[in-house]
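Spelled out, the chains give:
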Amino acid sequence: MKQQLVDKFAELFGDAEGVSTYFAPGRVNLIGEHTDYNGGHVFPCALTIGTYAAARKRNDRTINFYSINQSGRGLITTSLDDLTPSDAAGWTNYPKGVVWAFIGRGLEIPTGFDMVIGGDIPAGSGLSSSASLEVLTGFVLRDLYDLHDVTNIDLALIGQYSENNYNGMNCGIMDQFASAMGKKDNAILLDCATLEYEYAPIALKDAKIVVTNSKVKHSLVDSAYNERRAFCEKALEELQTRVNVKTLGDLTEEEFEANKDAIGDEVRMRRARHAVYENRRTIRAVEALKKGDVAEFGKLMNQSHVSLRDDYESSCPECDVLAEEAWKIDGVIGSRITGGGFGGCTVSIVRDDAIDVFKERITAAYKEKCSLTPEFYVVSIGDGPYKD
Ligand code: GLA
């Protein structure tokens, strides 16, 4: 990938002298879904797949972007003096948003740059290709313009800020944090209310993390996501008439049950119930993992799926089939939809000796019930962004 980007860079911009190459990972979330923007906990890990860049500063104010994954779109050019989002800018609205957010923070970007990118995260899979592109862009800017006071947590916050305010998606901090702060063979338990975090080694002795791509991405994902978030905020306001809490993540299940009648709508109640229970589940799941109780971790993953399916309604029929079929297979420790939802992937923990059977049975059931062929990735947990 790296050489391909450098060659393309030379072809587009005359030579590759002084070009640097960079990488930022995608992520998979093991448990803690739709809890980040509710002040709860998440437990994602960075992957060894992600987005790569070859980049170099320019002497003028022009910014050139090129993606080898979208070569049909050719070179997309903008300028430091024209950083408004536009439909025509397509995928470059993500890196442009990060440049815009850097400048908005008072960080100096005195010249433009040329950047060729390429990624190996399957498109539309929900493994955070956009967050990895945002973190990658921030990482490139920090390096090119010697902005060494910018920390990796800042890169995550800037990425999220740009996604919220430039790209109109009200995402939480999980994806950018997982990409910016990833650590090989570890997942990150992150308290999204305080950004306190700890690494937890994922030492699955005789099992692997298997991501299954449903290959579906339902339309209106962003608006459905933003709507879920708005419902949770409203439910929180209603609960705050009774209990003194800052976020849904501050509530225990018991406190929620004792006060849920303050929520004036059944759908809003279920959305908030998911956020509260999922947060507690995440904490318990990590405790179980620390004790080496992978079976309990898996059970909690399954419960997470049920809650996302029934209370949050952010799964979809295809991902329900993938998870529910997985639960039937001996050797599957846990399986659930992962990420924003409404399509994308499931994440499963599968015993090594069951992986082949898992792939066969899921493929057959998915073909039969959804007329689709899933894709499987046995993933490895990688580090955060790097230059090489
Ligand atoms: C998307 C968002 C994250 C998080 C998840 C759901 O991936 O970008 O911030 O809310 O959905 O857990």
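Since the model is a prediction, treat every value here as computed from it, not as a measurement.

**Q** Sorry if this is basic, but what is going on with the overall build of the protein here?
**A** When helices and strands are tallied, the protein shows 11 helices and 13 strands. At 21 Å, the protein has a C-alpha radius of gyration in line with the 21 Å of a compact globule built from 388 residues. Along the three orthogonal principal directions, the C-alpha set of the protein runs to about 60 × 50 × 40 Å. Residues classed as buried in the protein amount to 59% of the 388 residues present. Contacts in the protein between residues far apart in sequence, at least 24 positions, make up 71% of those at least 6 positions apart. For the protein, the accessible area works out to roughly 15,700 Å², and carbon and sulfur atoms hold 47% of it. Distance between charge centres in the protein, computed from 42 positive and 58 negative side chains, equals 2 Å.

**Q** For this particular structure, what's the right way to read the packing of helix 8 (residues 266-290) against helix 9 (residues 294-312)?
**A** Axis angle and axis distance: for two packed helices, these are the angle between their axes and the distance between the axes, and together they describe the pair. Between helix 8 and helix 9, the least distance of the axes is 9 Å, while the angle of their chain directions is 170°. Taken together, helix 8 and helix 9 sit at an angle that is classed as roughly antiparallel. Between helix 8 and helix 9, the residues in contact are Arg270, Arg271, Arg273, His274, Glu278, Arg281, Arg284, Ala285, Ala288 and Leu289 and Val294, Glu296, Phe297, Leu300, Gln303, Ser304, Ser307, Leu308, Asp310, Asp311 and Tyr312, respectively.

**Q** Honestly, the pairing of strand 7 (residues 186-191) in this entry has me stumped. Any pointers?
**A** Two faces belong to every sheet, and in a regular strand the side chains alternate between them. For strand 7, the buried fraction is high: 6 of the 6 residues fall into the buried class. Burial along strand 7 is two-sided: the face carrying Asn186, Ile188 and Leu190 and the face carrying Ala187, Leu189 and Asp191 are both buried. Here 6 bridges tie strand 7 to strand 8 (residues 196-201), and the two strands are oriented antiparallel to one another. Paired with Ile188 across the two strands is Tyr199, which belongs to strand 8. The hairpin turn running from strand 7 into strand 8, its antiparallel successor, is 4 residues long, and Leu195 in that turn takes a positive phi close to 65°.

**Q** Is there a simple way to explain the sheet that holds strand 11 (residues 343-351) in this structure?
**A** The pairing of strands in a sheet happens through backbone hydrogen bonds and is either parallel or antiparallel. Strand order in this open sheet of 4 strands is 10-11-9-12, and the pairing throughout is antiparallel. Lying at the two open borders of the sheet, with one neighbouring strand each, are strand 10 (332-338) and strand 12 (375-379). For this sheet, the mean inter-axis angle between neighbouring strands, taken without regard to orientation, is 20°. Bridge count between strand 10 and strand 11: 6 bridges; the pairing is antiparallel. For Arg336, the partnering residue across the bridge sits in strand 11 and is Val347. Lying over the sheet, helix 9 contacts strand 10 and strand 11, oriented at roughly 35° with respect to strand 10.

**Q** Explain the packing of helix 4 (residues 152-165) against helix 5 (residues 174-181) here, please?
**A** In the contact formed by helix 4 and helix 5, the axes pass within 8 Å of each other and the chain directions differ by 150°. When the interaxial angle is binned, helix 4 and helix 5 end up roughly antiparallel. The handedness of the crossing between helix 4 and helix 5 comes out as right-handed. In this structure, helix 4 contributes Asn152, Ile153, Ala156, Gly159, Gln160 and Glu163 to the contact, and helix 5 contributes Gln176, Phe177, Ala180 and Met181. Looking at side-chain class alone, the contact of helix 4 with helix 5 contains 5 nonpolar, 4 polar and 1 charged residues.

**Q** How should I be thinking about the pattern of salt bridges in this particular structure?
**A** If you walk through the whole model with that rule in mind, you get 31 salt bridges. With a closest N to O distance of 2.8 Å, Asp60 and Arg58 form a salt bridge. Given a relative accessible area of 33%, Asp60 falls into the partly exposed group. Arg58 gets classed as partly exposed once you look at its relative accessible area, which sits at 22%. For Asp81, the salt bridge identified is with Arg61, shortest N-O distance 2.9 Å. Of the two residues, Asp81 is situated in the loop between strand 5 (76-79) and helix 2 (93-104) and Arg61 in the loop between strand 3 (44-57) and strand 4 (62-67); the sequence distance between them amounts to 20 residues. For Arg61, a relative accessible area of 38% translates into the label partly exposed. Each member of the salt-bridge network shares a partner with another, and the members are Glu266, Arg270, Arg271 and Glu313.

**Q** Just to check I follow, could you spell out the packing of aromatic side chains for this structure?
**A** Any two aromatic rings considered together are summarised by their centre-to-centre distance and by the angle between their planes. Taken as a whole and assessed by the stated rule, the structure comprises 13 aromatic pairs. The structure contains a cluster of three or more aromatic residues connected by ring pairs, namely Phe23, Tyr52 and Tyr386.

**Q** It is not clear to me how helix 2 should be interpreted in this structure. Could you clarify?
**A** The terminal C-alpha atoms of helix 2 lie 16 Å apart, and with 12 residues this matches the ideal 16 Å at 1.5 Å per residue to within 8%. Where the residues of helix 2 are buried, they touch strand 4, strand 5, strand 6 (113-119), helix 3 (129-144) and helix 4.

**Q** Even after reading the chapter, I still don't get the environment of Ala193, so can you show me in this structure?
**A** With respect to the helices and strands, the residue Ala193 is situated in the loop between strand 7 and strand 8. In this structure Ala193 comes out as partly exposed when scored by relative accessible area, which is 47%. Counting along the chain gives 153 residues from Ala193 to Gly40, while the straight-line C-alpha distance between them is 6.4 Å. Apart from the residues lying within four places of it in its own chain, the contact partners of Ala193 are Gly39 and Gly40.

**Q** Would you take a moment to explain the layout of surface pockets for this structure?
**A** To find leftover empty space, one rolls a probe the size of a water molecule over the atoms. As a volume, the largest pocket reaches approximately 1,200 Å³. Residue lining of the largest pocket: 49 residues in total, with Tyr94, Ser128, Ser129, Ser130 and Lys217 positioned closest to the centre. Going through the elements one at a time, strand 3, helix 2, strand 6, helix 3, helix 5, helix 6 (221-239) and strand 11 are the ones with two or more residues in the lining of the largest pocket. Residue contributions to the lining of the largest pocket peak at 4 residues, all from helix 3. Per-class residue counts for the lining of the largest pocket are 16 nonpolar, 25 polar and 8 charged.

Thresholds applied
- Residues numbered from 1 in each chain as written.
- Predicted model: local features only at pLDDT ≥ 70, side-chain atom pairs only at ≥ 80, totals over all residues.
- Heavy atoms only, no water.
- Helix = DSSP H or I, 4+ residues; strand = E, 2+ residues; numbered from the N terminus.
- Rg over C-alpha atoms; globule rule 2.2 N^0.38 Å.
- Buried < 20%, exposed > 50% of the residue type's maximum accessible area, 1.4 Å probe, protein only.
- Contact = heavy atoms within 4.5 Å.
- Areas by Shrake-Rupley, 256 points an atom, 1.4 Å probe, with all protein chains shown as cover.
- Lys, Arg positive; Asp, Glu negative; His and termini not counted.
- Charge placed at Lys NZ, Arg CZ, Asp CG, Glu CD.
- Axes fitted to C-alpha atoms, helices over the stretch in contact; angles between N-to-C directions.
- Parallel < 35°, antiparallel > 145°, perpendicular 65-115°, else oblique.
- Pairing = 2+ DSSP bridges.
- Left-handed = near helix turned anticlockwise from the far one by under 90°.
- Nonpolar A, V, L, I, M, F, W, Y, C, P; charged D, E, K, R; others polar.
- Salt bridge = Lys/Arg side-chain N within 4 Å of Asp/Glu carboxyl O.
- Phe/Tyr/Trp six-rings, centres within 6.5 Å; stacked < 30°, edge-to-face > 60°.
- Expected span 1.5 Å × (residues − 1).
- 1 Å grid on protein atoms, 1.4 Å probe; cavity = no way out; pocket = protein on both sides within 12 Å on 5 of 7 lines; lining within 4 Å.
- Points joined across faces, edges and corners; volume = space filled by probe spheres on them.

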